[in-house]
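Listed below are the residues making up each chain.
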Amino acid sequence: MSDRDRHISFRSDRNVRPSGRLWNPAADVYRVSDGWVVKVDLAGICSDELEIELRDSVLSIRGCRRDTHYREGCVYHQMEITYSRFEKSIQFPDRIEGASIRQDYRDGFLIINLRSEQG
């Protein structure tokens, strides 16, 4: 058997548990004429469990991404996706007062619209 015909095999007998580290999802922030639009990459999140808070000039988003395929005794070959609690804080340049907050979750993105009610 030549080296080219040889099949490479490996054994993976590690039991891997989901990460306990805090996950920091990526976000885009856009300034629009009547406020702000924040888009956060939150694939695999249950939108009903999200906590969104606006305080002064800081928008905080909290939640948890869970591995719904993980089973006790499961042996993983590769695990790159972070499953854990997350917290994302976005600092705006100025205090945001009197803004309405509208949120939408689609295609793995949380879209938050902060619209100024002042004028």
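Now for a look at the structure at hand. Everything numeric here is computed off the predicted structure, so don't read it as measured data. (Residues numbered from 1 in each chain as written. Predicted model: local features only at pLDDT ≥ 70, side-chain atom pairs only at ≥ 80, totals over all residues. Heavy atoms only, no water.)

### Let's talk about the sheet that holds strand β5 (residues 85–91)
Taken in spatial order, the 3 strands of this open sheet run β3-β4-β5, and their pairing is antiparallel. Where the open sheet ends on each side, the last strands, each with one partner, are β3 (51–55) and β5. Taking each pair of neighbouring strands and ignoring which way they run, the sheet shows an average axis angle of 15°. (Pairing = 2+ DSSP bridges. Helix = DSSP H or I, 4+ residues; strand = E, 2+ residues; numbered from the N terminus. Axes fitted to C-alpha atoms, helices over the stretch in contact; angles between N-to-C directions.)

### Describing the nonpolar core
In this structure, Leu42, Ile61 and Phe92 are the most contacted members of the largest nonpolar core, which totals 16 residues. Contributing elements (two or more residues each) for this core: β2 (35–41), β4 (58–64), β5 and β7 (109–116). Discounting chain neighbours no more than four positions away, the residues touching Phe92 are Val29, Trp36, Val38, Ser57, Leu59 and Leu114. (Core = buried A, V, L, I, M, F, W, Y, C linked by side-chain atoms within 4.5 Å. Buried < 20%, exposed > 50% of the residue type's maximum accessible area, 1.4 Å probe, protein only. Contact = heavy atoms within 4.5 Å.)

### Regarding the sheet that holds strand β6 (residues 99–106)
Across the sheet, which stays open at both edges, the 4 strands sit in the order β1-β2-β7-β6 with antiparallel pairing between neighbours. At either end of the open sheet lies a strand with only one pairing partner, and these are β1 (27–32) and β6. In this sheet, neighbouring strand axes are inclined to one another by 15° on average, regardless of whether the strands run parallel or antiparallel. When β2 meets β7, the two strands line up antiparallel, connected through 7 bridges. For Val37, the partnering residue across the bridge sits in β7 and is Asn113.

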